[in-house]
Amino acid sequence: MAKVTKMPGRMCRFYLNGRCLYEEMLNPGYNREWRCRVLKDLEGKYDKLLLQADNFHLDEQAFRDLWEQRIEEHLKSTVVCRKMVPRDEEGFPFCAALHEEVCLFEQPECEGVCSRFEPHKK
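About the criteria used
- Residues numbered from 1 in each chain as written.
- Predicted model: local features only at pLDDT ≥ 70, side-chain atom pairs only at ≥ 80, totals over all residues.
- Heavy atoms only, no water.
- Helix = DSSP H or I, 4+ residues; strand = E, 2+ residues; numbered from the N terminus.
- Buried < 20%, exposed > 50% of the residue type's maximum accessible area, 1.4 Å probe, protein only.
- Contact = heavy atoms within 4.5 Å.
- Areas by Shrake-Rupley, 256 points an atom, 1.4 Å probe, with all protein chains shown as cover.
- pLDDT = per-residue confidence, 0-100.
- Expected span 1.5 Å × (residues − 1).
- Arc of directions from axis to C-beta.

A. The arrangement of the overall build of the chain in detail. Scanning the chain from terminus to terminus reveals three helices and six strands. Counting from the amino terminus, helix and strand elements in the chain follow one another as β-β-α-α-α-β-β-β-β. Buried residues in the chain amount to 20% of all 122 residues. In the chain, of all internal contacts separated by at least 6 residues, the share reaching a separation of at least 24 is 65%. Just so you have it, the chain exposes about 9,500 Å², and 54% of that area is on carbon and sulfur atoms.

Okay, here's the thing in C-alpha cells:
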C-alpha cells in the first residue's frame with residue numbers, strides 16, 4: 001500500500017521558505033526566542049555604545065565611526081548564524097532567513113496542507 005503524504009503548503013498564507021509562520025502571525029513578537037540572535041546581539045551592543053558615547057560626550061561622527069567598527073568586529077568574530085549572507089548596498093548585514101525580526105530557522109517546518117491552511121488573500 002502506498003504511503004499518503006500531505007500536499008505541500010506553498011499556497012498557504014502562513015508558509016514562507018518551508019516554514020510555518022502561523023504561531024508568529026497569531027501573536028507577533030510574543031516568543032522572543034524566535035527573534036534573530038544577530039539582531040538581538042547588535043541591539044545590546046548599540047545600547048551599550050550609546051551609554052558610552054553619552055558618558056564621553058562623543059559627537060555624532062565619532063559615534064558613527066565607532067558603531068561601524070563594532071559592527072565589523074561583531075560580524076567577524078561572534079556571529080553564530082546559519083544563513084548570513086554578505087552586506088547589502090546600504091552596509092547592513094542581510095540574512096536570507098530573516099522575516100521582519102524573526103529567524104525562519106526558529107519556526108516549525110511546514111507539514112504541508114493542514115487544518116490551519118488558509119490561501120493567500122488577494
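Resuming the write-up.
B. Main features of the confidence of the model for the chain. Confidence in the prediction of the chain, expressed as mean pLDDT, is 82, and 84% of residues score 70 or more. Within the chain, strand β2 (residues 19-20) carries the highest mean pLDDT (94), whereas strand β3 (residues 84-85) carries the lowest (53).

C. Inspection of the side chain of Q107 at higher detail. Examined against the element boundaries, Q107 turns out to sit in the segment after β6 (102-103). With a relative accessible area of 2%, Q107 lands in the buried category. If sequence neighbours within four positions are ignored, Q107 has contacts with R19, C20, L21, E24, W34 and V102.

D. A look at helix α2 (residues 37-55). With 19 residues, α2 should cover 27 Å at 1.5 Å per step; its first-to-last C-alpha distance of 28 Å lies within 8% of that length. Three or more residues of α2 are buried, namely V38, L42, L49 and A53. Angular distribution of buried residues about the axis of α2 spans 40 degrees; they occupy a single face of the element. Exposed residues on α2 whose side chains face more than 90 degrees from its buried face are K48, L51, D54 and N55. One or two positions beyond α2, positive phi appears at H57, with a value near 55 degrees.

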